[in-house]
Amino acid sequence: MIIAEKLITKYWRMTHRRSLMQLFMFSGFIATISFTSCGLNDNLADREAQEKLDIQNFLSNNDTIDFEKKTSGLYYYDLTLGTGPQAETLDTAYVFYAMQYLSTLIFETNLGTTDTLKVAVNGGKFIPGFEEGISYMREGGTALFVVPSSLAFGAEGTIYVSP
């Protein structure tokens, strides 16, 4: 899930079918991607069912946020709708973000730094749910995402991130 903490200024350069010229300075994308903790069940089906339950519980506990469920399974919500163009495939976005589990435990962030994450939108180099979420954003916007494990690190997790 992505939860915005505050607005931060960022820059965005369009690179696909556009000039390399920097376009606009705009309020940054601050996001925290929360991944569900699926438990230690050995059965994949049990973990997937638990993840669905965890996501539904999260959405129920945060029912003031009107998430839109995308066909991929990503849950998306614009906190601040940007006024610029929508991100397109292979546009380059400079992003401030925080990734966290649904429990709110942050496991990765660049908030509080001056280092933005350079993302080629839908370029296949980052977590698929993260790239998909960015593709729905407009320049200057902030958003929240809930990213299921199938669009993140998978049901098994990684050596660095648990499922």
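Everything below is about the structure shown above.
Below, the structure is looked at part by part. (Residues numbered from 1 in each chain as written. Predicted model: local features only at pLDDT ≥ 70, side-chain atom pairs only at ≥ 80, totals over all residues. Heavy atoms only, no water.)

**Side note on the nonpolar core**
In step 1: Within the largest apolar cluster, 19 residues are counted, with the highest numbers of intra-cluster contacts made by Val95, Phe130, Ile134, Phe145 and Val147.
In step 2: When contributions to this core are tallied by element, the ones reaching two or more residues are β6 (92-100), β8 (117-120), α2 (128-136) and β9 (142-146).
In step 3: Counting residues in each nonpolar core, the second largest holds eight residues, with Ile55, Phe58, Leu102 and Val146 among its members. (Core = buried A, V, L, I, M, F, W, Y, C linked by side-chain atoms within 4.5 Å. Buried < 20%, exposed > 50% of the residue type's maximum accessible area, 1.4 Å probe, protein only. Helix = DSSP H or I, 4+ residues; strand = E, 2+ residues; numbered from the N terminus.)

**Observations concerning the pattern of salt bridges**
A side chain with one charge may pair with a side chain of the opposite charge, provided their charged atoms come close.
In step 1: Within this structure, the stated rule accounts for one salt bridge.
In step 2: The shortest N-O distance in the salt bridge between glutamate 68 and lysine 70 comes to 3.1 Å. (Salt bridge = Lys/Arg side-chain N within 4 Å of Asp/Glu carboxyl O.)

**Section: the layout of surface pockets**
In step 1: By volume, the largest pocket is sized at about 270 Å³.
In step 2: Surrounding the largest pocket, 14 residues form its lining, Glu51, Lys52, Ile55, Pro148 and Ser150 being those nearest its centre.
In step 3: Element by element, the count of residues in the lining of the largest pocket is highest for helix α1 (residues 44-61), at five residues. (1 Å grid on protein atoms, 1.4 Å probe; cavity = no way out; pocket = protein on both sides within 12 Å on 5 of 7 lines; lining within 4 Å. Points joined across faces, edges and corners; volume = space filled by probe spheres on them.)

**As for the sheet that holds strand β5 (residues 75-80)**
In step 1: The sheet built from three strands is open, its strands ordered β4-β5-β9 with antiparallel pairing. Of all the strands in the sheet, just β4 (68-69) and β9 have a single pairing partner and so form its edges.
In step 2: Contacts from α2 reach β5 and β9 within the one sheet, and its direction differs from that of β9 by about 145°. (Pairing = 2+ DSSP bridges. Contact = heavy atoms within 4.5 Å. Axes fitted to C-alpha atoms, helices over the stretch in contact; angles between N-to-C directions.)

**Observations regarding α2**
In step 1: Most of α2 sits inside the fold, with seven of its nine residues counted as buried.
In step 2: When α2 is considered as a whole, its buried residues turn out to be Gly129, Phe130, Glu131, Glu132, Gly133, Ile134 and Ser135.

**Observations concerning the pairing of β6**
In step 1: Most of β6 is tucked away: nine of the nine residues are buried.
In step 2: One ladder, built from four bridges, connects β6 with β8; its direction is antiparallel. The residue bridging tyrosine 94 from the neighbouring strand is lysine 118, located in β8.
In step 3: In sequence, β6 turns back onto strand β7 (residues 106-109) through a hairpin of five residues, with threonine 104 there showing a positive phi of about 80°.

**Here we look at the packing of aromatic side chains**
In step 1: Taken as a whole and judged by the stated rule, the model has seven aromatic pairs.
In step 2: Sitting over the face of the ring of tyrosine 136, lysine 70 holds its NZ or CZ atom 4.1 Å from the ring centroid. (Phe/Tyr/Trp six-rings, centres within 6.5 Å; stacked < 30°, edge-to-face > 60°. Lys NZ or Arg CZ within 6 Å of the ring centre and 35° of its normal.)

**A look at the environment of tyrosine 94**
In step 1: Relative to the helices and strands, tyrosine 94 is located in strand β6.
In step 2: The buried category is assigned to tyrosine 94, whose relative accessible area is 13%.

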